[in-house]
Amino acid sequence: MKVIFSRPLFAYIMGLLILVFVSGAVLSQLTNEYIILGSILTVEYIILLLIMLHVYDKYMKPIKKASNTIDELVKGNYLARIHHTSSGSVAELSNKINILARNLSEFAIQEQMQEKQLSTVIDNTQSGLVLLDEKGYIHLVNRKFLSMFGGVPHDYNGFLYYEVLDNEKIHQTVQQTFLYEKNVKESFTQVIEVDKKYIEIVGAPIFNERNMLKGAVLVLYDITHLKKLELMRKDFVANVSHELKTPITSIKGFAETLLDGAMNDSETLKNFLIIINDESTRLQGLIEDLLTLSRLEKDEFKLVRRTLNMNDLVDEVLPIIKQSAEQKGISLTAEVGDSISLQADKERIKQIVINLLTNAISYTSEEGEVKLTVTDTEDEVHIQVSDTGIGINQEAIPRIFERFYRVDKARSRNTGGTGLGLAIVKHIVEVHEGKISVDSEPNNGSTFHVYLPK
């Protein structure tokens, strides 16, 4: 009944009724048998109604559903389908529309996946990205760019680049990219909160299939780490040159003095030869430390790990260090827990202990104290070296593991230090996947902590 009285169908039924009434009015002029005439008209109406319902259900209704389905597909609803039992050309049309809908749905899913993948790649790339159209409006910024310049995407998207980016180098890069239609590279510094960042920017033009300029992509690289490495390299070369120059100049100067006639004085000859020997020893130690650092920093460097007993290692190290401590009247003590062992490179761990103890003795005044303590937990071994020396200022603590950095330059040089001991210690700890830290206050001594995984 609902189908019969639905509005489109109802219109057709009313049309049939009008047709029957018209035919009845015509036939009533030819006969007076109204009962027969009424019966004929009723049968006629029923036959026409059945034919109309058949045509409606088989052709008109599926075509209407097909039209509604296509309307949904046009709106972007690719899940729309035709569910109607039909045959012939109408059924073929319905099947093809359903196939088209499935293909569009799969295409939409693939497009969404590709868009999501592309968005993920753009957002997680380690370079800042900005997409501009041919008029200079920003259409996209990624997460790295936002971390460099702050804000959220809405602060940039839809704005002209010079309205929201106040860096002159960026303006020049965009203008030259559009003007010359080729890649342009610039660099500038950006202060983010309190950090100074070095940024390299590359502008790349975008062309369409007719080779017409349609916009540009700005790629921003954070090269702060590379700049710091470059500065470290320059400082390292300068420091090495300076450190090598000092003993070489001394050796050359005293040798020239001896050759000029001072060798004839036996006392002077002896003193000068002692100085030349000391400077040669210092030069040799500096070169050995540099070679050690170089070996530790090589990618192919491999540790020779074996089971190492800390009690045995300390027993080997103490006699080497004791003489230096006794010469300064320093009390050197060691406390090692029972049966502490770990898998490590014995020679490297030995070097850690020797360097830390030597460093502690060098910076501790006469009659002071130096103490070595070794304890362990379930997962790691804790090596602790404490002294009653001059201590370290808080601002200097982050730098003490740098090459050639000295808390007290005069004291270090007088004791023959190369300035590389703590740098070597840090590298050895790191290749063992351990940690190193220091607690210190000026004039209250220092305590170095080394944690090595078992």
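Predicted model, so just to flag it, every value in this text is computed and none were measured.

## What to know about the overall build of the protein
What the protein contains, in helices and strands, is 12 helices and 12 strands. Across the 454 residues that make up the protein, the buried fraction comes to 35%. The long-range fraction of contacts in the protein, counting pairs at least 24 apart against all pairs at least 6 apart in sequence, stands at 58%. Summing over all exposed atoms, the protein offers an accessible surface of approximately 28,000 Å²; the carbon and sulfur share of this is 55%.

## Here we look at the sheet that holds strand β12 (residues 446-453)
What the 5 strands build is an open sheet, ordered β7-β9-β10-β12-β11; its pairing is mixed. With one partner strand each, in any of the chains shown, β7 (331-336) and β11 (435-440) form the two edges of the open sheet. Here the strands of the sheet are splayed against their neighbours by 10° on average, with no regard to which way each runs. Bridge count between strand β10 (residues 380-387) and β12: 7 bridges; the pairing is antiparallel. In the strand pairing of β12, Val-385 is matched with Phe-448. On the sheet, helix α10 (residues 346-362) packs against β7, β9 (369-376), β10 and β12 and is oriented at approximately 20° with respect to β10. Across the sheet, helix α12 (residues 421-431) lies against β11 and β12, angled at about 140° from β11, the strand it touches most.

## A short note on the nonpolar core
If you look at the biggest cluster of nonpolar residues, it comprises 45 residues, and the most contacted ones within it are Met-310, Ile-349, Leu-357 and Ile-383. Beyond its immediate chain neighbours, meaning those up to four positions away, Met-310 contacts Val-336, Ile-340, Leu-342, Ile-349, Val-374, Val-381 and Ile-383. Val-141, Phe-149, Ile-201 and Leu-218 belong to the second largest nonpolar core, which has 18 residues in total.

## Focus on the packing of α10 against α12
It is the contact of α10 with α12, at a shortest axis distance of 9 Å, that shows an interaxial angle of 145°. In the crossing of α10 with α12, the sense of the turn from one axis to the other is left-handed. Every residue of α12 that contacts α10 at Arg-348, Gln-351, Ile-352, Asn-355, Leu-356 and Asn-359 is listed here: Gly-421, Leu-422, Ile-424, Val-425, Ile-428 and Val-429. Tallied by class, residues from the contact of α10 with α12 come to 7 nonpolar, 4 polar and 1 charged.

## Quick word on the pairing of strand β5 (residues 213-222)
For a regular strand, side chains alternate in direction, first toward one face of the sheet and then toward the other. Pairing analysis gives 6 bridges linking strand β1 (residues 128-133) to β5, with the strands arranged antiparallel. Bridged to Asp-133 within β5 is Gly-215. As paired strands, strand β4 (residues 195-207) and β5 are joined by 9 bridges and run antiparallel to one another. If you follow Pro-205 over to β5, its bridge partner there is Ala-216. The antiparallel hairpin formed by β4 and β5 contains 5 residues in its connecting segment, where Asn-211 sits at a positive phi of about 60°.

## Topic: helix α6 (residues 168-180)
Under the 1.5 Å per step criterion, the end-to-end length of α6 is 18 Å for 13 residues, consistent within 8% with the ideal 18 Å. All buried positions along α6 are accounted for by Ile-170, His-171, Thr-173, Val-174 and Thr-177. End-on view of α6: buried residues confined to an arc of 165°, all on one side of the axis. Opposite the packed face of α6, turned more than 90 degrees from it, sit the exposed residues Leu-179 and Tyr-180. Where α6 starts, the residue carrying a side-chain oxygen 2.9 Å from the main-chain nitrogen of Lys-169 turns out to be Asn-167. Remark: Glu-181 follows α6 within two positions and exhibits a positive phi of approximately 55°.

## A short note on the pattern of salt bridges
Scanning the model with the defined rule gives 8 salt bridges in all. Between Lys-197 and Asp-222 there is a salt bridge, with the nearest N and O atoms lying 4.0 Å from each other. Note that Lys-197 is positioned in strand β4 and Asp-222 in strand β5, a separation of 25 residues in sequence. One network of salt bridges, with partners in common, ties together Glu-316, Lys-346 and Lys-350.

## What to know about the side chain of Asn-208
Examined against the element boundaries, Asn-208 turns out to sit in the loop between β4 and β5. Exposure remark for Asn-208: the relative accessible area of 18% places this residue in the buried category. In this structure the side chain of Asn-208 is engaged in a polar contact, spanning 2.7 Å, whose partner is the backbone nitrogen of Met-212.

## Some details on the UniProt feature "transmembrane region" (unreviewed entry) in the protein
Per the UniProt record, the feature "transmembrane region" (unreviewed entry) sits at residues 9-28 and 34-56. Spanning residues 34-56, this segment combines 100% helix with 0% strand, and its end C-alpha atoms are found 32 Å apart.

## Topic: α12
Burial in α12 covers these residues: Leu-422, Ala-423, Ile-424, Val-425, Ile-428 and Val-429. Of the residues flanking the end of α12, it is Glu-433, one or two places downstream, whose phi is positive at about 60°.

Rules behind the numbers
- Each residue is numbered by its place in its chain's sequence as written, counting from 1.
- In keeping with the model being predicted, local features are shown solely for residues with a pLDDT of at least 70 and side-chain atom pairs are shown and tallied solely at 80 or more, while totals for entire chains, interfaces and linings include all residues.
- Based on all heavy atoms of the structure, the side-chain values leave hydrogens and waters out of the count.
- Put simply, DSSP H or I for four residues or longer makes a helix, DSSP E for two residues or longer makes a strand, and each gets a number counted from the N terminus.
- When a residue's accessible area, from a 1.4 Å probe over protein chains only, is under 20% of the maximum for its type it is buried; when over 50% it is exposed; and in between it is partly exposed.
- In what follows, residue pairs with any heavy atoms lying within 4.5 Å of each other are defined as contacts.
- Note that accessible areas follow from Shrake-Rupley with a 1.4 Å probe, and for residues the cover is restricted to the protein chains shown.
- When DSSP finds two or more bridges between a pair of strands, those strands are recorded as paired.
- Under this scheme, a helix contributes an axis fitted over its contacting stretch, all axes are lines through C-alpha atoms, and angles between N-to-C directions fall in the 0 to 180 degree range.
- Put simply, buried Ala, Val, Leu, Ile, Met, Phe, Trp, Tyr and Cys residues joined by side-chain atoms within 4.5 Å make one nonpolar core.
- When the near helix sits turned anticlockwise from the far one by under a right angle, the crossing is termed left-handed; a clockwise turn instead gives a right-handed crossing.
- For this classification, the nonpolar set comprises Ala, Val, Leu, Ile, Met, Phe, Trp, Tyr, Cys and Pro, the charged set comprises Asp, Glu, Lys and Arg, and every other residue, Gly included, is treated as polar.
- The span expected for a helix works out to 1.5 Å for each residue beyond the first.
- What the arc measures is the spread of directions leading from the helix axis to the C-beta atoms.
- Here a polar contact means two N or O atoms within 3.5 Å. Within protein one must be a hydrogen donor candidate and the other an acceptor candidate, and residues neighboring in sequence count only if both atoms are side-chain atoms.
- Take a side-chain nitrogen of Lys or Arg and a carboxyl oxygen of Asp or Glu: if they are within 4 Å of each other, that pair is a salt bridge.
- UniProt positions are given in the numbering used here, feature names are shortened, and annotations may be inferred rather than shown by experiment.

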